Amino acid sequence: MRVDAAGRRVSRSRRHGARAEPARSACASAPSASWPSVRLAGAGARTRCASSGRRPAPAAGSVNCSAPTSPSLSTRGPEVAGGGELVQGNQACARAALDAGCRFYAGYPITPSSEIAEAMAIALPPRGGVFLQMEDEIASMGAVLGASLAGRKAMTASSGPGFSLMQEHLGYAAFTEIPCVVVDVMRAGPSTGLPTSPAQGDVMQARWGTHGDHPIIVLAPASVAEVYALTVEAFNLSERYRTPVILLYDEVVGHVRERVWLPDPATLVLGERPRPGGPAAGYRPYAATESGVPPLADFGSGYRFHVTGLTHDERGYPTQEAAEVARLQERLCAKLERGRQEIVSWEATGVEDAETVVVAIGIAARAARRAMTLARARGERVGLFRPRTLWPFPDRELAGIAGRARRVVVAEMNMGQMLGEVERALGGRVPVLPCLRADGLPLMPEDVLASLERQAPAGASR
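Residues numbered from 1 in each chain as written. Predicted model: local features only at pLDDT ≥ 70, side-chain atom pairs only at ≥ 80, totals over all residues. Heavy atoms only, no water.

## Brief notes about the overall build of the chain
Phase 1: Check the secondary structure of the chain and you find 14 helices and 20 strands.
Phase 2: In the chain, which comprises 462 residues, the proportion classed as buried is 59%.
Phase 3: If you take every contact in the chain between residues at least 6 apart in sequence, the share linking residues at least 24 apart comes to 75%.
Phase 4: Just so you have it, the chain exposes about 17,800 Å², and 52% of that area is on carbon and sulfur atoms. (Helix = DSSP H or I, 4+ residues; strand = E, 2+ residues; numbered from the N terminus. Buried < 20%, exposed > 50% of the residue type's maximum accessible area, 1.4 Å probe, protein only. Contact = heavy atoms within 4.5 Å. Areas by Shrake-Rupley, 256 points an atom, 1.4 Å probe, with all protein chains shown as cover.)

As structure tokens, then:
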């Protein structure tokens, strides 16, 4: 592949045959079931901890994270089902997608997410799946939504510029309740920005990139093991709630290679979308069910229904009836609020006695964790709060923890996108201070320590 001026990988050819046989032609000659990861001889390393969370999710271990304190994945059973492997973050994403049952991928390669497409191109055809390289990210999302309506678990991946192009179809998916997983591996922006340079500038785009009122789920892993776990979780939540789910992580998490223990796929608890079991006549794809999540029939399974981005009634037909419009909007928001306890996940470390709580996601959280360790070695009471579910934002949980602190520092690789959300969550009860970096380089522990020093000079209580 060559790289264009925007840093996006461009095929040397038009993938001859893709149009003649679009379903599987792109990778017909790809080696079967191969993974570009390195298995470690001996597998003697130990996992110090796993990620945490209250909802069902696969356990995947990493050697690089410390003790979790909030709803914990690590309590859900054995976390190691095989030998340790050296796996890249993007490769872990692709592998988890396959283990979760994803059998359709459409995308356009763009750094720093391209390894996901490359891995799916190799792995999907031998598994009976479909890989399509589309002409752009708009078409990619359209193909993903079509595949999902046909009953496939479907995914695409991109970075900031491509993620921007997907927003119209993301809104369509949210409004028409089409399950799908969208991966955004963030790089510096705006526009084409700095290809393959790390950033966390899509925090707000992931929530508000498309227009209108709509609920969304965004998961934010901070390690290779967690990329695997949250990718599986993204599919489960997407299917269970009939909604698009975004997996959001920065370039460093996408490209770092870590030794991990990934679970046996046979042990994963996988979710499936609710499907109708009654007669096709009278089927209503947007009915107000008790759970708020109506059954979704696969196209071609005998259930005939209408899908439109226009505001629609329970049959899927366009409507401008005010009461019908209100019922749809309220149900869409209520179904995720009803499942909030299952959806929202976070991690808190060292917060019990913390006078300063650092809030961070992704690789910034890894830097903050190291800074916290160094600060505590100096006798400073510093803790870390890390949202794993970025949206819905764990505002109530943060307020309960940070309300005991004297200050909150938000460490992120942008100009303060999560900072405003933390301020909203805390409602002025605790000073919220910035630790920001947006120069195309990762936030370092030294950056966080320097920020702590500025907020509370030596000798002052932290």
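That covers the picture; the talk isn't over yet.
## Thoughts on unusual backbone geometry
In most cases, non-glycine residues show a negative phi, while peptide bonds are predominantly trans.
Phase 1: In this structure, P112 follows T111 across a cis peptide bond, with omega equal to 5 degrees.
Phase 2: Residue placement: P112 occurs in the loop between strand 7 (102-107) and helix 2 (114-123).
Phase 3: Phi is positive for S191, close to 55 degrees, though the residue is something other than glycine.
Phase 4: Under the relative-accessibility criterion, S191 is labelled exposed at 61%.
Phase 5: We note that R242 has phi near 50 degrees; this positive angle belongs to a residue other than glycine.

## So, the sheet that holds strand 20 (residues 432-436)
Phase 1: With mixed pairing, five strands are arranged side by side in an open sheet as 15-17-16-19-20. With one partner strand each, in any of the chains shown, strand 15 (346-349) and strand 20 form the two edges of the open sheet. This sheet shows a mean twist of 20 degrees between the axes of neighbouring strands, independent of strand direction.
Phase 2: Examined bridge by bridge, strand 16 (residues 356-359) and strand 17 (residues 382-387) share four bridges and lie parallel to one another. Of the residues in strand 17, the one forming a bridge with V358 is L384. (Pairing = 2+ DSSP bridges. Axes fitted to C-alpha atoms, helices over the stretch in contact; angles between N-to-C directions.)

## Some details on helix 9 (residues 322-338)
Phase 1: Here helix 9 spans 24 Å end to end across 17 residues, near enough to the 24 Å set by a 1.5 Å rise per residue.
Phase 2: Residues E324, L328, R331, L332, K335 and L336 constitute the buried set of helix 9. Seen end-on, helix 9 carries its buried residues on one side only, within an arc spanning 115 degrees. Residues of helix 9 that are exposed and angled more than 90 degrees away from the buried face: A322, E330 and R338. (Expected span 1.5 Å × (residues − 1). Arc of directions from axis to C-beta.)

## Points about the confidence of the model for the chain
Phase 1: Mean pLDDT over the chain works out to 86, with 81% of the residues at or above the 70 mark.
Phase 2: Below a pLDDT of 50 lies the segment residues 10-34, which in the model reaches 38 contacts outside its immediate sequence neighbourhood of four places, other chains included. (pLDDT = per-residue confidence, 0-100.)

## Details of the pattern of salt bridges
Once their charged atoms are close, side chains differing in charge can pair, the charge on each being opposite to the other.
Phase 1: In this structure the tally under the stated criterion is 27 salt bridges.
Phase 2: In this structure, E177 engages R331 in a salt bridge whose closest nitrogen and oxygen atoms are separated by 2.5 Å. Of the two residues, E177 is situated in the loop between helix 5 (167-176) and strand 10 (180-188) and R331 in helix 9; the sequence distance between them amounts to 154 residues.
Phase 3: It is possible to trace a salt-bridge network through shared partners that takes in E226, E347, R369, R386 and R388. (Salt bridge = Lys/Arg side-chain N within 4 Å of Asp/Glu carboxyl O.)

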